[in-house]
Each structure stands twice: as C-alpha cells, then as structure tokens.
Amino acid sequence: MSLIATLARMEALREGRARPLATVRHRHLSERPMVFVPLTTAGEAGAPLGALFGTDREEPTLLVVPQPRDRDLRFAFLAQLAQGMLPYLEGYADDVDVEVRKGKDPETGEPVEVERELCRDAPQLLVPNGSGVRYVRLLGRSMRFRRTAEEAPDEPYPVPSRVPLLGRWMTHFGERALTPGSCLLVSMTDLLSRHWASGQSGLEDQHLGALLAWLDPPPGVHGSEAALRAETARDERGLLECPPAGPATDPAFDNKLLAPAITRYDAGLSGAERAVRDLVGSQLRPTWDHVWRGLDLLRELPPGDRVAARWEGDRWSYTGHRDRLRAGEPPQPKRDDAVTAAAKLVRRETDQVRLDAHEALDDPLVMAERRLAGEAFAGEVVAVEMAYSEGRSPRPRPLVSVSTHDRPHVEPGTRVFRRLAGKAQEAQVAAAEPGLVVVRLVNQMGRGRVPAEGTVPEPGDVVCLTAFEHDPRPAAPLPPPEETPWTHGGPPGEAAMGASAPDPHTAEDYL
Amino acid sequence: MTAPVGDPSAEAARVTEEILHDTLHSPRRGVVVDSPPGAGKSTLVVRAARELAAAGEKPMVVAQTNSQVDDLVKRLAKEDPRLPIGRLHGSDSPPDPALSELPSVVLSSSVGDLAGREVVIATAAKWAFVKDVPAWRHAIVDEAYQMRSDALLKVAGLFERALFVGDPGQLDPFTVVGADQWAGLSYDPSASAVVTLLAHNPELPQHRLPVSWRLPASAARLVSDAFYPYTPFRAGTGHEDRRLSFAAAGDGSAHDRVLDLAAESGWGLLELPERRTVRTDPEAVAAVATLVRRLLDRGGRTLSEKGTAALTADRIAVGTAHRDQAAAVRSALAGLGVAGVTVDTANRLQGQEYDVTVVLHPLSGRPDATAFHLETGRLCVLASRHRHACVVVSRAGVERLLDEHPSTEPVQLGVTVKFPDGWEANHAVLAHLNERRVRYRP
C-alpha cells in the first residue's frame, strides 16, 4: 500500500468516514448497467440458490431455486437466467462503427485495407464483490460445455437451449475481468475501494455493507461503528441485519430459516415454494440496494480523461467475442494452451502498466502518490538553456532546470516523460540534486533547428515529469500455437485445442 | 548432511567436464545446470561459449538483463580476445560504452549485421524480436531460473538445443498481475523457464556445481543448510583462507562492535529496539549508513586466496527489499559523504559479488510478513553476495513476527512445493545471526 493510501486510511479512521483516493472516476460506468446479485448454496459447489438481476433499480428480476440439489430445477433456473440476461448481453452487438485499418492480404501478403466492425457500446455487468466475479466465472464454466437437446439429442441430461450460450458470455466476462482496468464485469467493492479509503483493511472492504457504512455512515455515527454494525448486528432471531453480499449466505439464515423451508418444499407442502422464494429475496434485496447506492456515489465523480479510451478496449473485447460466436467457434477451452496463457499474461501486464500511467495522468491525487514514491516529480522551471546534439545536423536538446520539493528516484541518464499536446515528450535527466533536477528534452520539438512553438517549457512554467512511460511499448510477439516449441511441450494436441470429450471414467460429466 | 570431502577444485573441474561433454555430445536437446551462489556460473557460461565456438557451433547466448549481457561480453572478450563476438541490443537501450572499445566485439541492434560472429549475445527480451533467421544449433541460457516461462516461449524457436544455467535458490520471476488461473499447468507462463522446461522434458541431463568460490567457509554452510538443504554445496576456501581486519581499533560503539564480530565470524546482527516503522525506517537507515562509513573509516583490509587488498567503497554493497529503502540509504550515505558504494534491492543485486555487504532485514519493523517479504530467494540473495562478511541491521522482534505469520499461501494442485519455504529459511538465518548480535539503542 502506498504511503498516501495508508495516510488516507488513517485519516478515515480518525474522522470516522472514508477519505477520497481519487478526484475523478477511473472506471467506465455504463448508462444502463446490469446488476447481478447471485447467491449460492452452502456446501454445494456451483449450485445457485437464487439471483436478483436487472437494469432497473426498482424492478429487479428474482429467480430462486427452491431445491438447489435438484439438477432439473438448477437448469431451469439457468435457462430463466439466460432468458433474462442474454437480450441485454447481446443487445449491443448490432450497433457498430466500421473501422478501416491497414492489414495484409492473407494470401498474397499485399497491404490492403481491412474493414473491422466495432460495437459502439458494450454491456456492463455489476456484481457486489470479488466473490461475485469468481462466481460468474464458475457459472460460465458450469454452463458452457453443456449440450442442448437440439445439439446432441442422444446425450443424457440435455440442458435448455441458450444455457451454453450464457455460459460462454459469462466465461468471456469473467476472463475479461482479470484484465486490469477492464469494465465489462466489475465488482462494486473494487470500484468503491479504488476511489475511497475506508478506515479498515482491504480484506474488510470486501464486505459491501461495511464498506458503504464507511462511505456513508448515518449522521453522528463513526464509520467503524457503522461498519461493525453492518458486519455483526443480528436481530432477535439471530439473523444478520445486513445479509452478506453473497454469493455465500449467512449460516444462521441457512440453518434457522432456509433449511426448514426447503424441507417443507421437499415434503410438497403448499406455499412452500413461495416461502423459499421470499426468504431468498429477503437476503438479496439489501445487497441489490447497496450496489445501486454505490453506483450513485460513483456517478458523482466526473470520469477521468482516459477512461473512454480504455473502455474502447472493452468494446473490442466484446466485439471479438461476438464475432467468435457468430463464426460458430467452439466454447472457450477448459485450459489455455501455452501460447494463449502467455499472451494473456503479457497483455494483462501491459494493461496494468498503462492503467497505472493513465490514472496518474488523469488525476493529480494519484500522481501525488507516484511523486511520493519517487516515480515522478513536479515543480517550477527555473532555467532553460539551449543546447544541441552533436552530429551533422544538430537537433535541439534544451536543458530544462526544474526546482522541485519532490524527491524523485532519478539519476543522470534516467529517462523521464511529460505530457505535451496529447503525447509524451521524452527527456533525459542530466543532473539531479535535492531540490533541483536538470533534464534534457530529446523529442517532440518539431523538425527544425529551432524547437517548435510551445514545445519547450519556459521559466515560470510548472511541469510534471514521470519516470514511468505514459504508453507502454508493445511486447514482443509470441509464436502461433501450432509452433509451440519443444521446451513447452510442442504444439497442443486436438484435445487441448477444441472442446474436450467428457471424462470416460465418469458416468456423468460432473462440474 | 555430511560435508563432502576431497579437493574442491578437482570436484568442480570434474563436474564442469561432464557438463561440457553433455553440452557438446548429449543426444538430448537440453542440459540443465544448477549453480549455488558464486559457484562459477559465469565462468561456466564463458567456457561453454568458447568450447562451442571452437567446435564450429557458433552459439547464441541469452541472458536476462542488459548489464548481465554486457558483463558476459566483457568476460568473454577478456578470456579470448580473438573470438568474434556480436552484441545484439535494443535500439533504445544502448550497451555499455566500454564495449565499443573492444576490437573483437561488434554492436548492433539488427541481427543481420552480426551474421558472421562466432558468438552472439543478447537479452531474452531482445532475442524475442528476432525472426525470419535460420535456427541456431546451440544456445546458452544464463540465469535460466530468473527467466520467466513466457520469455523462453518467445525465444525457444530460435535454437535447436540449449544449455540452461542458473541458481534455483535466488528470486523467482514474478508478475504484477494475477496468474493463479494457470497455477499447476506445466507451462504456467509466470513460472520459471527451467520449471516449464523440465516439466516437459524430464529426461534432460541435470548437473549441479558443487563448490561456491565466493562464499567464505563461514557462510557457505549456513547458506547451504538454510537455502539448499537437499542439494548441499561447500566453500572452495577454508576458514583460514579469508580474513577481514581493520587498521583502526573499534571505538566501542555498537557499530564497531558488530563490525568486529563480523570480521571475526563472517556474520553480524545489529539489533535496534523493537518498533513498527514506515518502510524507510530512519533509524535503521541511519544505522546502515553509519556501518558503511565505519567500514571505510577504519581502514578495512581483506586477505583471501587472491591476496590482500584494501576494502574500498566499490567492494561494499548495501542490500534492501524495497527501492524506496535503497533510495533512503543512498541519501543517508551521501549525507555522510560516502560515495561509490552499491546500494540496491535484492532483485538487482542478483549475480553480483562484494567483499562485505550490509543488509537491511526485509522484515525489520514490519507489522506483517507477506509472501513478498518471506520469499526464500530474497533473503538468499541478500545473504549470499559477500566474500568476507555480511552485517544485518534489523529491529528486534522478527522471530515473533515470523511466528505470527506462518506461510498461508494456498496449495495449488500440480505445483511443486519449493523447499525450504521462506518462513523456515528466515528462522534458520535468524537463529544463526542471533549468536552474533549486538544490541543498539539510537
């Protein structure tokens, strides 16, 4: 944790309410997000108990599985979920922009113009917390390999149509959520704790109710007290007043209310299904309201300048998945092959660097964090001395002296960057001593012997230079999967490439 | 483990011959060599490169950082001034200017310019951009345990067979983003290149260099026991072969007393009162700087198999866990008028060698012991850079901190559990250091 974040947490503790960690919103928020609050059954991996979802705050759709161990009921639930969610998820697929890019003809290798579609907007799925994101991945995995009656009429246990399709979307969203800064699937606790520091630990912040208690405590109540109440206060029946934000449920609720209700349902008593439904709904509704409350808080922040550019990456991701579905490709494999795994890792690392740089450039408070860490410095230009490079056609290499109170970790030769007309201007540190850094500008000064107007700061200007790059360079290419080298097991076999066959030793392909 | 007997030089020479034989003649596509700290890894790489070149094989050499590549080029050019060497470099990461002075070395950012060179050396990152060239018959991969699996994936198509050399006890490669989803896969891209290589090619011959020429006898035993419990090594020199002495007697201060202890026994612990501090604990940083200042002021002299020499600033290093700690120590040293001492993090000190090191303990003053601070390799790097003595500066209470934070990393199916874990290694080193402890109250 950075020094400034530690300070913010201590201030939050002292003042009894959360402190800002950002002055702008660093994540894209859809105009019309879909909130998804799932609950799972205790002790039964991947058995949903119910869910509340929808795009309308006042009218969520409630789906409940009255007997979560009944696989027919489970798949009926998933079919209803698919029916409810897919129109939203697929609803952005046809509204496209056409981009013309330079590409190569696949046969001749000649440069040609390639038209590519890009969806103008994309859906956004909001879940309460990190466990919710993992649950979306789990649901995706449990659904995407299922066969429907239309696809494989002879196989036992067909699932209703569209269930595998929802599984593929959820898998895609779950996978995309691992990309730093992506916004197709985000958790409310992550969004809130990115923008505010509470007076508790990061682990405790995963409790949405407690986090909101710090952000928005009742008048006159200290945040820690409100958070403690959210976490532990129980009513006269011993139930938590603020049910956990899922997918796990409160054990007291399970034992005292849910289990007897399910037993009554199993016994076929009239009204029992309705009772389970009301019980599950009562646990979901507070979390549903919390997510929307969090959304209200986030919407008060203006979006950062580079948020839209990063959202474009999400739109490409969405469009790419749409194209794969339309091309009839098989579902995502259970495991990535060596090249895909490496490509994902490298892309995520590049995105992390880019996200960190973007957030700092968008937000002075985040830049302050980097400055305190010695990765950037800001100050007033006190002198500019014209100098030129050696060589046949000397180029301007002005020396700029910056007086600063920061203590950057730079030494002569360190490359530093500043923002200039939407691009990064590079400089090299020529001398650094406490309070004064001299840098030599090396580019973005036009073609002439004299630097273009406005490309060199003047004495009195305030500049901010970073020791990190603003736009990370693209990583080296990976070989195509069919050329996987011997060190990594050679090219993946058929089984790894496509959907794998069911386990021959297991009568039924369990989760 | 019983200490191996026999002449260390003969034993090391025998293993080296076996490695070179396998490299040149093994029917397998790879050879893996584990090298404990200071066991002559670079010497082996240089020797293998020369032998392969002499056999007409024109090897390519892959190292991990630009400074490693520059060092290898310099050593190779020194050993064999007539060997034509190519140094491939990135267009915006120019090599050490000293290389352009060497007549046998050609520098270029394009591999096409280096076609005729007997040996071509570059970083893995640079090699990854090389394409559309015929494959090399032989490659040497240096620091292979510090190379990430995905980096090997990018370059492995360039060569038919390779010699992989590295130290399994040093820091594992890392990633700043989560890679749990691939844990347990044989080709987990965040794992070390050697782990992936051996998972897919378990039949490859594996060797181990048995003798550390860097570590003094006082350190080899501890480092071997604490960090390499199942693959022990020994020091190439005896207890009497290395000596550190000071011209000026100590002034009775805690700093001087711990330096005297370290000169005598190879280790010293300067313990500050227990306290939770910020990472750049000002008192600990000041203590580190003062120790370095006293090392220089007291006119240290080193006696070793290489002869006697004055302990100069360039033979001293300060190791820390974090970059901001290193920056704080640097500015404290500047404040005491000390220049020329290397101050860096464990990651950057890997592969380096000094006479005396001063280490700021990674767990000093911390409220918790995270996986980062407990990483076995971090402590191993910090505790194995010295030829003569290592002085550790720490807040008291690290043992209790360790006991309050046992390793709680999730166990992943298919992942080989590494021994020893950092928790145990930390305890082993602390137990040894506690016998050479000087308490100091600032």
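Note that the structure is a prediction, hence the values are computed from the model and not measured.

Novice: Sorry if this is basic, but what is going on with the domain arrangement of chain A here?
Specialist: For an interface, size is often stated in terms of accessible area lost upon the parts coming together. All names here are of chain A. Considered domain by domain, chain A is made up of domain 1 (3-95 + 121-334), domain 2 (336-373 + 471-503) and domain 3 (376-466). Relative to domain 3, the C-alpha centre of domain 2 lies at a distance of 33 Å. Every contact between the two is made by seven residues of domain 2 and, on the other side, nine residues of domain 3. Carbon and sulfur atoms supply 52% of the area buried between domain 2 and domain 3, which totals about 610 Å² over both sides. For domain 2, the biggest contributors to the area lost against domain 3 are Leu-361, Met-367 and Arg-371; these three give 67% of the whole. Summed over the shared surface of domain 2 and domain 3, the result is one salt bridge. With a shortest N-O distance of 2.7 Å, Arg-371 and Asp-406 are connected by a salt bridge. Applying the counting rule to domain 2 against domain 3 returns one residue pair in polar contact (both at pLDDT 80 or more). The dominant element in the side of domain 2 that touches domain 3, judged by the number of residues it contributes, is helix α12 (residues 364-372), at three residues. Split into classes, the residues belonging to the side of domain 2 that touches domain 3 amount to three nonpolar, no polar and four charged.

Novice: Would you explain the side chain of B:Ser384 in this entry?
Specialist: Residues and elements named next belong to chain B. Counting through the fold element by element, Ser-384 comes out in the loop between α13 (376-382) and β18 (386-395). Classification of Ser-384 by relative accessible area gives buried; the value is 0%. Engagement of the side chain of Ser-384 in a polar contact is seen with the backbone oxygen of Cys-380, the distance being 2.5 Å. Leave out the neighbours within four places in its chain, and Ser-384 touches Pro-37, Arg-214, Leu-215 and Val-223.

Novice: I would appreciate a short explanation of the interface of chain A and chain B in the present structure.
Specialist: On the chain B side, the residues contacting the 32 residues of chain A number 36 residues. Note on chain A versus chain B: buried area summed over both sides is about 2700 Å², and carbon and sulfur give 65% of it. Its largest share of buried area at the contact with chain B, chain A owes to A:Leu345, A:Trp486 and A:His488, together 29% of the area lost on that side. Inspection of the region where chain A meets chain B yields one salt bridge.

Novice: I'm lost on the sheet that holds strand β3 (residues 85-88) of chain B in this one. Help?
Specialist: Each strand in a sheet pairs with another by means of backbone hydrogen bonds, the pair being arranged parallel or else antiparallel. Residue and element names in this part refer to chain B. Taken in spatial order, the eight strands of this open sheet run β4-β3-β5-β2-β6-β7-β1-β8, and their pairing is parallel. Each edge of the sheet is formed by a strand with only one pairing partner; in this case those strands are β4 (105-108) and β8 (206-208). Across this sheet, the average inter-strand angle for adjacent strands is 20°, counted without regard to direction. Bridge analysis of β3 against strand β5 (residues 119-123) gives three bridges, and the strand direction is parallel. Each residue of the ladder has a partner; that of Ile-85, found in β5, is Val-119.

Novice: Where do I start with the UniProt feature "domain: DNA2/NAM7 helicase-like C-terminal" (unreviewed entry) in chain B in this structure?
Specialist: Residues given the UniProt feature "domain: DNA2/NAM7 helicase-like C-terminal" (unreviewed entry) here are residues 208-395 of chain B. Span residues 208-395 of chain B is 36% helix and 27% strand, its end C-alpha atoms 37 Å apart.

Novice: Is there a simple way to explain the nonpolar core in this structure?
Specialist: Here is a general trend for soluble globular proteins: nonpolar side chains tend to be buried in one another's company. Residues and elements named next belong to chain A. The biggest cluster of nonpolar side chains holds 43 residues, and the ones touching the most others in it are Met-188, Leu-192, Trp-196, Leu-215 and Val-280. When residues of this core are traced back to their parent elements, those giving at least two are β2 (34-40), β3 (48-54), β4 (61-64), α5 (188-195), α6 (208-215), α7 (223-232), α8 (251-266) and α9 (272-299). With ten residues, the top contributor of residues to this core is α9. Not counting residues up to four positions away in its chain, the partners in contact with Leu-192 are Leu-208, Leu-211, Leu-212, Leu-215, Gly-294 and Leu-298. By size, the runner-up hydrophobic cluster in this structure holds 39 residues, among which are Phe-53, Tyr-88, Phe-173 and Cys-183.

Novice: It is not clear to me how the pairing of strand β12 (residues 415-420) of chain A should be interpreted in this structure. Could you clarify?
Specialist: Each regular strand shows side chains that alternate between the opposite faces of the sheet. Residue and element names in this part refer to chain A. With six bridges connecting them, β12 and strand β13 (residues 423-433) associate as antiparallel partners. Bridge pairing in β13 places Phe-417 opposite Glu-426. Counted between consecutive antiparallel strands, the loop separating β12 from β13 contains two residues, among which Ala-421 sits at a positive phi close to 50°.

Novice: Would you explain helix α4 (residues 163-176) of chain A in this entry?
Specialist: Helical geometry note: an α-helix holds 3.6 residues per turn, so side chains three or four residues apart project in the same direction. Between its first and last C-alpha atoms α4(A) spans 20 Å; for 14 residues at 1.5 Å apiece the expected length is 20 Å, and the two agree. Burial within α4(A) is extensive, with 13 of its 14 residues counted as buried.

Novice: Please explain α8(A) as it appears in this structure.
Specialist: All names here are of chain A. For α8, the principal kink sits at Leu-258 and spans about 40°; a proline, Pro-260, occurs within the next four residues. Residues of α8 that are buried sit in contact with β3 and α9. The first or second residue beyond α8 is Gly-268, which carries a positive phi of 80°.

Novice: Would you mind going over the packing of aromatic side chains with me for this structure?
Specialist: How two aromatic rings sit relative to each other is set out by the distance from centre to centre and by the angle between their planes. Per the stated rule, a full pass over the model turns up six aromatic pairs over all chains. Their ring planes at 90° and their centres at 5.7 Å tell us that A:Tyr88 and A:Tyr92 sit as a pair that is edge-to-face. Their ring planes at 80° and their centres at 5.1 Å tell us that B:Trp127 and B:Trp136 sit as a pair that is edge-to-face. Comparing B:Trp127 with B:Trp136, the two get one shared label, buried.

Novice: Sorry if this is basic, but what is going on with a negative patch on the surface here?
Specialist: All names here are of chain A. Negative charge collects at one region of the surface, where Glu-380, Glu-453, Glu-458 and Asp-461 lie side by side. Mapped onto the elements of the fold, Glu-458 is located in the loop between β14 (436-441) and β15 (462-466). We classify Glu-458 as exposed; its relative accessible area is 53%.

Novice: Is there a simple way to explain the pattern of salt bridges in this structure?
Specialist: When charged atoms on two side chains of opposite charge get close, those side chains can pair. Residues and elements named next belong to chain B. Here the structure, examined in full by the defined rule, presents 73 salt bridges over all chains. Arg-137 serves as the salt-bridge partner of Glu-57, at 3.0 Å between the closest nitrogen and oxygen. Here the residue Glu-57 occupies a position in the loop between α2 (41-54) and β2 (60-63), and Arg-137 occupies one in strand β6 (residues 136-141), the gap between them amounting to 80 residues. The exposure class of Arg-137 is partly exposed, given its relative accessible area of 41%. The partner of Arg-387 in a salt bridge is Glu-305, and the shortest N-O contact between them spans 3.2 Å. Here Glu-305 lies in the loop between β13 (300-304) and β14 (307-310) and Arg-387 lies in strand β18, a separation of 82 residues in the sequence.

Each value, and the rule that gives it
- Residues numbered from 1 in each chain as written.
- Chains lettered and ligands numbered in written order.
- Predicted model: local features only at pLDDT ≥ 70, side-chain atom pairs only at ≥ 80, totals over all residues.
- Heavy atoms only, no water.
- Domains from an automatic or database assignment.
- Contact = heavy atoms within 4.5 Å.
- Buried area = accessible area lost by both parts, 1.4 Å probe.
- Salt bridge = Lys/Arg side-chain N within 4 Å of Asp/Glu carboxyl O.
- Polar contact = N/O pair within 3.5 Å; in protein donor to acceptor, adjacent residues only side chain to side chain.
- Helix = DSSP H or I, 4+ residues; strand = E, 2+ residues; numbered from the N terminus.
- Nonpolar A, V, L, I, M, F, W, Y, C, P; charged D, E, K, R; others polar.
- Buried < 20%, exposed > 50% of the residue type's maximum accessible area, 1.4 Å probe, protein only.
- Pairing = 2+ DSSP bridges.
- Axes fitted to C-alpha atoms, helices over the stretch in contact; angles between N-to-C directions.
- UniProt positions renumbered as here; feature names shortened; annotations may be inferred.
- Core = buried A, V, L, I, M, F, W, Y, C linked by side-chain atoms within 4.5 Å.
- Expected span 1.5 Å × (residues − 1).
- Bend = angle between axes of the 7 residues up to and from the residue.
- Phe/Tyr/Trp six-rings, centres within 6.5 Å; stacked < 30°, edge-to-face > 60°.
- Patch = residues over 30% accessible without salt bridge, like charges linked within 9 Å, V, L, I, M, F, W, Y side chains within 5 Å.
- Areas by Shrake-Rupley, 256 points an atom, 1.4 Å probe, with all protein chains shown as cover.
- Lys, Arg positive; Asp, Glu negative; His and termini not counted.
- Charge placed at Lys NZ, Arg CZ, Asp CG, Glu CD.

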